[in-house]
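# Structural description and commentary
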Amino acid sequence: MKRVTIYIDHVDDDTDFVFMHEWLEKWKGSVRIEDYSTGGWEHTWDLEGPEEAIAEIPKDWHCASKWATPEIFRK
């Protein structure tokens, strides 16, 4: 299982947001959502799932976080 934090927004176009909802539906039962946050147009998910599932999410949506990359945040 791989952990990842995903960030997308949909200010002008909801294509990425729709992709994520379809992806979550496709991998339902195999992917765990640890946390979800939205500011309206901005969305972040802390996810854990199989490598093959995570590989379907564009790399430029991945971001550093205490969830996905805790080593960056250790003092």
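Quick summary incoming for the structure in this document. (Residues numbered from 1 in each chain as written. Predicted model: local features only at pLDDT ≥ 70, side-chain atom pairs only at ≥ 80, totals over all residues. Heavy atoms only, no water.)

### A few points about the overall build of the protein
The condition is simple: In DSSP terms, a helix is any run of H or I states spanning at least four residues, a strand is any run of E spanning at least two, and both are numbered starting from the N terminus. Radius of gyration here is computed from C-alpha atoms only, and the compact-globule reference equals 2.2 Å multiplied by the residue count raised to the power 0.38. Relative accessibility under 20% of the residue-type maximum defines a buried residue, over 50% an exposed one, and the middle range a partly exposed one, all with a 1.4 Å probe and only protein chains included.
Counting its secondary structure elements, the protein contains three helices and four strands. From first element to last, N terminus to C terminus, the protein shows the α and β order β-α-β-β-α-β-α. For a compact globule of 75 residues, the expected C-alpha radius of gyration is about 11 Å, and the protein comes in at 12 Å, within 12% of that figure. Each principal axis of the C-alpha atoms in the protein carries an extent, and together these give about 40 × 25 × 20 Å. Counting across all 75 residues of the protein, residues that qualify as buried make up 32%.

### A word on the sheet that holds strand β1 (residues 2–9)
For clarity, the cut-off: DSSP-based pairing: two strands are paired if at least 2 bridges between them are found. By definition, residues are in contact when any of their heavy atoms lie within 4.5 Å. Only C-alpha atoms enter the line fits that serve as axes; for helices the fit covers just the stretch in contact. Angles between N-to-C directions range over 0 to 180 degrees.
Overall, antiparallel pairing links the four strands, which are arranged β2-β3-β1-β4 in an open sheet. Two strands close off the open sheet at either side, each with one partner strand: β2 (32–38) and β4 (62–63). Of the pairings in the sheet, the one linking β2 to strand β3 (residues 42–49) comprises six bridges and is antiparallel in character. Bridging from a neighbouring strand, Thr38 pairs with His43 of β3. Along the sheet, helix α1 (residues 15–26) makes contact with β1, β2 and β3, crossing β3 at roughly 25 degrees.

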